[in-house]
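One-letter residues, chain by chain:
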Amino acid sequence: MIDIEPAGWVPDSCTLPTAEQPFRVAEFATFFAESVQAATRTAPTRLDLALAAGADSTARDLAARESGCCSFFTFAFTEDGSETVMRIDVPTAYVEVLDAFEQLVAQANPISST
């Protein structure tokens, strides 16, 4: 079972209303389960997600909405051959939030983390 409660890891700087936060976390959990083929923590402040074919538009939509309420996130997309990689970067002060994202990826898709 995936824990969709933000459990205190959502920083005060997030402007998404508290009541909506579990829904956004659930949205990410579903996306991670359905669309992430591999997750790699390339640095303490960076998480790379290899996406399944066809997941690009959903990933970009989620990234845009998340950047709108949590401006500390930086999302970038790169093409590596036939694979799209969603790169998530945070400042050092927000590493715990990225840790929570990585844990959510692992819960949603246990075989994807490396």
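Residues numbered from 1 in each chain as written. Predicted model: local features only at pLDDT ≥ 70, side-chain atom pairs only at ≥ 80, totals over all residues. Heavy atoms only, no water.

**Overview of helix α1 (residues 21-35)**
Counted at 1.5 Å a residue, the expected span for α1 with its 15 residues is 21 Å, and the 21 Å between its end C-alpha atoms agrees. Among the residues making up α1, those that are buried are Q21, P22, R24, V25, F28, A29, F31, F32 and S35. On the buried face of α1, the contacting elements are β1 (36-43), β2 (46-51), α2 (56-69), β4 (83-89) and α3 (95-108). (Helix = DSSP H or I, 4+ residues; strand = E, 2+ residues; numbered from the N terminus. Expected span 1.5 Å × (residues − 1). Buried < 20%, exposed > 50% of the residue type's maximum accessible area, 1.4 Å probe, protein only. Contact = heavy atoms within 4.5 Å.)

**Looking at the sheet that holds β1**
With antiparallel pairing, the 4 strands of this open sheet are ordered in space as β1-β2-β4-β3. With partners counted over all chains shown, the strands left at the sheet margins are β1 and β3 (74-80), one partner each. Averaged over neighbouring strand pairs, the angle between their axes works out to 20° when direction is ignored. In this sheet, β2 lies alongside β1 in antiparallel orientation, the contact comprising 5 bridges. When the sheet's bridge partners are listed, V36 is paired in β2 with L51. Across the sheet, α1 is in contact with β1, β2 and β4; its angle to β1 comes to roughly 110°. Lying on the sheet, α2 is in contact with β2, β3 and β4; it crosses β3 at an angle near 160°. (Pairing = 2+ DSSP bridges. Axes fitted to C-alpha atoms, helices over the stretch in contact; angles between N-to-C directions.)

**So, the pattern of salt bridges**
Counting across every chain of the model gives 7 salt bridges. A single salt-bridge network, built from bridges that share partners, covers E27, D61 and R65. (Salt bridge = Lys/Arg side-chain N within 4 Å of Asp/Glu carboxyl O.)

**Remarks on the side chain of S35**
Within the fold, S35 resides in helix α1. On the basis of relative accessibility, which here comes to 11%, the residue S35 falls in the buried class. Filtering out sequence-adjacent residues up to four positions away, S35 remains in contact with A50, L51, A52 and A55.

**Description of the packing of aromatic side chains**
Each aromatic ring pair is specified by the distance between its two centres and by the angle formed by the two planes. Under the defined criterion, the tally for this structure stands at 8 aromatic pairs. With centroids separated by 6.0 Å and ring planes inclined at 70°, the aromatic side chains of F32 and F101 adopt a geometry described as edge-to-face. Residue F32 is found in helix α1, and its partner F101 is found in helix α3; the two are separated by 69 residues along the sequence. A residue is classified by how much of its surface remains accessible, and F101, at 3% relative accessible area, is buried. Put simply, the rings of F28, F31, F32, F72, F73, F75, Y94 and F101 touch in pairs and so form one group of aromatic residues. (Phe/Tyr/Trp six-rings, centres within 6.5 Å; stacked < 30°, edge-to-face > 60°.)

**Considerations on the confidence of the model for the chain**
With 80% of its residues at a pLDDT of at least 70, the chain reaches an overall mean of 82. The weakest mean pLDDT in the chain belongs to α1 at 85; the strongest belongs to β2 at 96. The low-confidence segment residues 1-6 (pLDDT under 50) makes 14 contacts with residues lying over four places distant or belonging to another chain. (pLDDT = per-residue confidence, 0-100.)

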